[in-house]
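Topology and contacts: notes
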Amino acid sequence: MSEPKAPTPAPGDTYKGWLFKWTNYIKGYQRRWFVLSNGLLSYYRTQSEMGHTCRGTINLATANIAVEDSCNFVISNGGTQTYHLKASSEVERQRWITALELAKAKAFRMQAESDDSGDDSTSPSASQGAGSRNSEVQSTLRTLGSKVEDLSTCNDLIAKHGSALQRSLSELEGIRLGGETSEKIRQVTERATLFRITSNAMINACRDFLALAQAHSKRWQKALQAEREQRVRLEETLEQLAKQHNHLERAFRGATVLPASQSNPAIDSKGSVPGKGDVSDEDEENEFFDACEDVQEFITVPADPKYHRRSGSNVSGISSELGMDDGTTSLDEQSLASNPESPQSQEVVPVRKRRTRIPDKPNYSLNLWSIMKNCIGKELSKIPMPVNFNEPLSMLQRLSEDLEYYELLDRGAKCQSSLEQMCYVAAFTVSSYSTTVHRTGKPFNPLLGETFELDRVQESGYRSLCEQVSHHPPAAAHHAISERGWTLRQEIALASKFRGKYLSIMPLGSIHCVFEKSNNHYTWKKVTTTVHNIIVGKLWIDQSGEIDVVNHKTGDRCHLKFAPYSYFSRDVARKVTGVVTDKDGKAHYVLSGTWDEKMECSRVMESSRGGENGADGRQKTVYQTLKAKELWRKTPLPEGAEDMYYFSTLALTLNEPEEGVAPTDSRRRPDQRLMEQGRWEEANAEKQRLEEKQRTVRRERDREANRSTNPAEEAEEVEIASEPSETTYKTETLHGSHPPAYSSGHQDNYKPMWFERQIDPMTGDPTHIYRGGYWEAKEQGNWDSCPDIF
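Residues numbered from 1 in each chain as written. Predicted model: local features only at pLDDT ≥ 70, side-chain atom pairs only at ≥ 80, totals over all residues. Heavy atoms only, no water.

Describing the confidence of the model for the chain
When pLDDT is averaged along the chain, the result is 76, and 71% of the positions lie at 70 or above. With pLDDT under 50 throughout, residues 1-12 is counted as low confidence; its partners more than four residues away or in other chains account for 22 contacts. Taken together, the stretch residues 713-746 has pLDDT below 50 and engages in 48 contacts with residues farther than four places along the chain or on a different chain. (pLDDT = per-residue confidence, 0-100. Contact = heavy atoms within 4.5 Å.)

Considering empty space enclosed by the protein
A water-sized probe, rolled over the atoms, reveals where empty space remains. Counted under the stated rule, the structure contains 8 cavities of 30 Å³ or more. Of the pockets and cavities examined, the largest cavity occupies roughly 720 Å³. Around the largest cavity, the lining is made up of 36 residues, and of these Met 395, Arg 398, Pro 443, Leu 494 and Ile 505 lie nearest the centre. Looking at the lining of the largest cavity, the elements with two or more residues in it are α8 (395-400), β10 (442-444), β13 (474-482), β14 (486-498), β15 (502-508), β18 (528-532) and β19 (540-551). Looking at the lining of the largest cavity residue by residue, the class counts come to 19 nonpolar, 11 polar and 6 charged. Volume-wise, the second largest cavity comes out at about 110 Å³. Taken together, 18 residues line the second largest cavity, and the ones lying closest to its centre are Arg 489, Ser 510, His 512, Asp 760 and Thr 767. When residues of the lining of the second largest cavity are traced back to their parent elements, those giving at least two are β13, β14 and β27 (766-770). When its residues are assigned to classes, the lining of the second largest cavity shows 5 nonpolar, 9 polar and 4 charged. (1 Å grid on protein atoms, 1.4 Å probe; cavity = no way out; pocket = protein on both sides within 12 Å on 5 of 7 lines; lining within 4 Å. Points joined across faces, edges and corners; volume = space filled by probe spheres on them. Helix = DSSP H or I, 4+ residues; strand = E, 2+ residues; numbered from the N terminus. Nonpolar A, V, L, I, M, F, W, Y, C, P; charged D, E, K, R; others polar.)

Section: the nonpolar core
If you look at the biggest cluster of nonpolar residues, it comprises 64 residues, and the most contacted ones within it are Trp 486, Leu 488, Trp 524, Leu 560, Phe 562 and Leu 591. Per-element tally for this core: the top contributor is helix α10 (residues 418-431), with 9 residues. Here Leu 591 is in contact with Cys 423, Ala 426, Cys 558, Leu 560, Val 576, Thr 577, Gly 578, Val 580, Met 599, Glu 600, Cys 601 and Leu 631, once residues within four sequence places are set aside. By size, the runner-up hydrophobic cluster in this structure holds 20 residues, among which are Tyr 15, Tyr 83, Leu 85 and Ile 97. (Core = buried A, V, L, I, M, F, W, Y, C linked by side-chain atoms within 4.5 Å. Buried < 20%, exposed > 50% of the residue type's maximum accessible area, 1.4 Å probe, protein only.)

Things to note about the sheet that holds strand β5 (residues 64-67)
With respect to topology, 7 strands assemble into an open sheet ordered β4-β3-β2-β1-β7-β6-β5, the strand pairing being antiparallel. For this open sheet the edge positions go to β4 (56-59) and β5, each flanked by a neighbour on one side alone. Put simply, the sheet's adjacent strands are angled 35° from each other on average, direction ignored. Summarising the sheet, β5 and strand β6 (residues 72-76) pair through 4 bridges and their orientation is antiparallel. Along β6, the bridge assignment pairs Ala 66 with Val 74. (Pairing = 2+ DSSP bridges. Axes fitted to C-alpha atoms, helices over the stretch in contact; angles between N-to-C directions.)

Details of the environment of Glu 704
Within the secondary structure layout, Glu 704 lies in helix α14 (residues 680-709). Along the backbone, Glu 704 and Asn 749 are 45 residues apart, and their C-alpha atoms lie at a distance of 9.4 Å.

Observations concerning the pattern of salt bridges
Within the structure shown, the criterion is met by 36 salt bridges. Among the salt bridges present, the one from Lys 693 reaches Asp 788, with a minimum N-O distance of 3.4 Å. Here the residue Lys 693 occupies a position in helix α14, and Asp 788 occupies one in the segment after α18 (774-780), the gap between them amounting to 95 residues. Measuring nitrogen to oxygen at the nearest pair gives 3.1 Å for the salt bridge that ties Glu 700 to Arg 703. With Glu 700 and Arg 703 both in helix α14 and 3 residues apart, the pair spans about one turn of that helix. Within this structure, Arg 352, Arg 354, Glu 459, Glu 656, Glu 658, Asp 665 and Arg 667 form a network of salt bridges that share partners. (Salt bridge = Lys/Arg side-chain N within 4 Å of Asp/Glu carboxyl O.)

Some words on the pairing of β14
With 10 of 13 residues buried, β14 lies mostly within the body of the structure. Across 7 bridges, β13 lies against β14 in antiparallel orientation. Looking across to β14, one finds that His 478 is bridged to Gln 490. What sits between β13 and β14 in their antiparallel hairpin is a turn of 3 residues, with Gly 485 showing a positive phi close to 105°. Both β14 and strand β16 (residues 511-515) contribute to a ladder of 5 bridges, which runs antiparallel. The residue of β16 that forms the bridge with Leu 488 is Cys 513. In terms of strand pairing, β14 meets β15 through 6 bridges, oriented antiparallel. Within β15, the residue paired with Phe 498 across the bridge is Leu 503. Between β14 and β15, which pair antiparallel in sequence order, lie 3 residues; one of them, Gly 500, sits at a positive phi of approximately 95°.

Side note on the packing of aromatic side chains
Inspection of the entire model under this criterion finds 18 aromatic pairs. Consider the rings of Tyr 406 and Tyr 462, whose centres lie 5.1 Å apart with planes at 45°: the pair is tilted. Highlighted residues: Tyr 406 in the loop between α8 and α9 (407-413) and Tyr 462 in strand β12 (residues 462-471), separated in sequence by 56 residues. An identical accessibility class is assigned to Tyr 406 and Tyr 462; each is buried. Measuring from centroid to centroid gives 6.4 Å for Tyr 462 and Trp 486, while their planes differ by 35°, and the two rings are tilted. Here Trp 486 lies in strand β14 and Tyr 462 lies in strand β12, a separation of 24 residues in the sequence. The two residues Tyr 462 and Trp 486 agree in class, both being buried. By way of ring pairs, the aromatic residues Trp 754, Tyr 774, Trp 775 and Trp 783 are connected into one cluster. One Lys or Arg, Lys 86, reaches over the ring of Tyr 29 and ends 4.5 Å from the middle of that ring. Across the ring face of Tyr 433, the terminal group of Lys 526 is positioned such that the distance to the ring centre comes to 5.4 Å. (Phe/Tyr/Trp six-rings, centres within 6.5 Å; stacked < 30°, edge-to-face > 60°. Lys NZ or Arg CZ within 6 Å of the ring centre and 35° of its normal.)

So, the pairing of strand β26 (residues 755-759)
Pairing between β26 and β27: 5 bridges, direction antiparallel. Across the sheet, the residue bridging to Arg 757 is His 768, located in β27. Hairpin connection from β26 to β27: 6 residues lie between these consecutive antiparallel strands, with Gly 764 at a positive phi of about 80°.

Notes on a nonpolar patch on the surface
A cluster of nonpolar side chains, contributed by Tyr 565, Tyr 567 and Phe 568, occupies part of the molecular surface with about 480 Å² of accessible area. In this fold, Tyr 567 is placed in the loop between β20 (557-562) and β21 (575-581). A residue is classified by how much of its surface remains accessible, and Tyr 567, at 69% relative accessible area, is exposed. (Patch = residues over 30% accessible without salt bridge, like charges linked within 9 Å, V, L, I, M, F, W, Y side chains within 5 Å. Areas by Shrake-Rupley, 256 points an atom, 1.4 Å probe, with all protein chains shown as cover.)

Regarding unusual backbone geometry
Outside of glycine, negative phi angles account for most residues, and trans bonds account for most peptide bonds. Phi is positive for Asn 38, close to 55°, though the residue is something other than glycine. Following the sequence through the fold, Asn 38 ends up in the loop between β2 (28-37) and β3 (40-44).

Considering the layout of surface pockets
Here the second largest pocket is characterised by a volume of approximately 840 Å³. Forming the boundary of the second largest pocket are 33 residues, of which Lys 361, His 438, Thr 440, Gly 441 and Leu 539 lie nearest the centre. Those elements giving two or more residues to the lining of the second largest pocket turn out to be β9 (390-394) and β19. A total of 3 residues in the lining of the second largest pocket trace back to one element, the largest contributor, which is β19. Split by residue class, the lining of the second largest pocket holds 17 nonpolar, 8 polar and 8 charged.

Shown next as structure tokens:
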């Protein structure tokens with residue numbers, strides 16, 4: 001029932017354990033976890049509640065403790081609080097009674113001393129306060145001295161009575177009695193001798209302790225007094241620093257004004273620039289904040305102080321600023337408190353422990369030029385690459401890594417304002433690139449029909465499914481749904497070109513994010529990824545381009561710009577800037593940061609055309625903003641990531657074997673598994689086998705398609721289909737009704753298992769949308785319809 005405790009805990013020690021507390025006549029006694037600390041007795045339903053939820057507390061300084069029977073006792077503070085408690089045994093009850101009595105005595109003394117010190121603290125000078133503290137020390141020393149004197153008296157009494165006992169026994173030995181009586185006296189004498197020896201040892205120990213205490217008492221007193229004086233000096237110094245800080249803050253507020261060229265014309269005309277005398281110490285909201293760095297399209301400067309005052313005309317506008325004026329925790333805590341799905345309202349479910357390491361990458365030399373010299377101008381999907389150039393993940397798994405920072409969408413789902421929600425969605429789009437900064441390895445090209453599931457419902461509340469829906473050109477469909485109220489879907493087709501010194505990868509297709517509560521529907525596209533120093537030097541990756549995140553329901557828009565790296569630029573590398581506007585084009589938020597580290601958000605108070613022209617000759621827009629708030633920050637890579645392909649914590653778990661996944665899942669891919677284990681030669685041989693198997697299946701699928709369309713020319717069609725060329729597929733693409741990125745299903749004559757081809761109602765482009773059935777098939781373990789691709 002409770003942890004083992006000492007029978008008599010020392011005064012002031014924390015005492016914990018289980019007790020039964022009377023609740024009502026229906027439930028009776030209920031088991032509760034009680035904690036006795038610092039004169040307070042508190043109780044909780046479970047030990048895990050100690051960090052956040054206390055069910056009740058009673059102060060023992062004014063409490064009465066009464067014993068009812070062998071196991072029951074009552075604690076009351078005079079009527080307002082009464083605890084009827086029951087221990088598991090009489091011994092346990094006595095332990096609690098002893099601990100409570102000791103804690104009560106100490107709490108009473110502390111309360112009395114606190115009252116005395118409170119009276120002393122009202123004295124006008126610090127010297128009187130120091131005198132009161134000195135008197136407290138002297139009182140403590142006097143108490144210790146009296147206890148030592150009591151100990152000395154006890155020693156004297158033991159010695160006196162021991163000597164008397166010894167004399168009496170000696171006198172008994174001199175009396176001549178019978179043999180049996182003499183034997184009894186001899187036994188008593190022996191026991192008395194043992195008692196004398198033991199008593200002498202204790203007396204000597206007490207005498208030594210007494211001498212040591214008397215010798216060191218003065219030194220302890222001086223040391224304690226020095227500590228008291230040092231604390232007083234530190235308190236005085238801290239008070240002076242606080243006054244200086246307050247003075248400097250007032251001076252800074254009064255001296256900082258906006259330049260005339262960047263101020264609002266209406267404010268300049270009235271001449272209402274606040275001066276030093278306008279600032280009050282209590283007006284903590286009346287601050288200036290640092291401006292973000294200049295970018296080519298706009299400049300941000302601190303907003304005028306009037307926007308920080310919580311007046312009746314602007315309370316609603318300012319208080320809704322991302323829910324973050326006082327930190328983002330208030331919004332999340334409020335949502336969690338009202339959410340029945342919150343962890344506090346459910347029983348804790350054991351979460352599977354994921355792996356944190358994979359085998360280290362072998363140190364194999366690789367001559368890239370021998371592989372790439374004959375591939376200049378070709379698409380990346382048409383280049384036969386050995387696994388030496390890969391990382392042990394497929395493109396489907398890399399696509400699932402977009403959910404690395406799913407928490408941004410969780411927080412966006414709780415937003416009441418669509419503009420606030422847009423900020424989180426924009427930060428999510430940027431965060432998906434943070435995992436690529438060191439990832440120079442090429443992912444495995446998925447086989448047609450290959451799938452990858454990412455089930456994180458227990459840990460994170462979402463699950464996703466990817467399927468390779470086309471092989472020429474390569475295209476993958478992705479669908480993710482969360483219990484927190486959002487859905488993400490995308491179809492990405494990669495167009496890539498090798499230009500000798502660098503490799504450009506252009507993702508084609510749109511990404512959709514829908515929030516259930518507000519029905520806000522966001523779409524955006526990815527930027528271009530460039531791998532530099534393909535031939536000579538160290539490989540490095542850059543992201544460049546522009547993204548327009550559009551809310552199709554409200555018309556809100558966020559324009560993000562990924563600045564390409566330039567050796568001559570003074571800007572921060574990998575910089576991203578953006579502006580959130582409503583349907584009328586009015587700016588509400590400014591975003592800034594880097595795609596590999598963090599993103600911040602600032603609320604726009606005023607905007608105007610500046611006098612400085614940009615590189616294209618247009619005037620820059622000047623935004624007056626509030627203090628920037630952090631939306632997202634990259635999680636550090638796990639220890640030893642440089643030896644594990646620079647995988648993040650999520651990426652390390654993506655290829656971890658799992659039971660129950662589909663036979664087409666990337667985790668079951670043999671060449672990828674062999675590469676992860678460091679067996680690269682076997683992986684290369686297995687990769688060639690799988691590619692040849694895929695070609696054979698594709699030729700057979702083309703024969704079936706030709707046989708169904710024109711049976712009369714079956715023989716000729718079979719001969720042509722047996723040796724397909726890239727020219728054939730490119731010609732079919734040119735005569736199709738859709739661009740290459742969206743005509744994948746017709747070219748491969750392949751019907752996906754879990755996605756179906758539809759016209760996107762938002763963009764008007766054909767795309768693959770999840771048709772359902774995968775998770776039901778997994779629950780039933782029915783994978784009979786899955787193709788044999790491995």
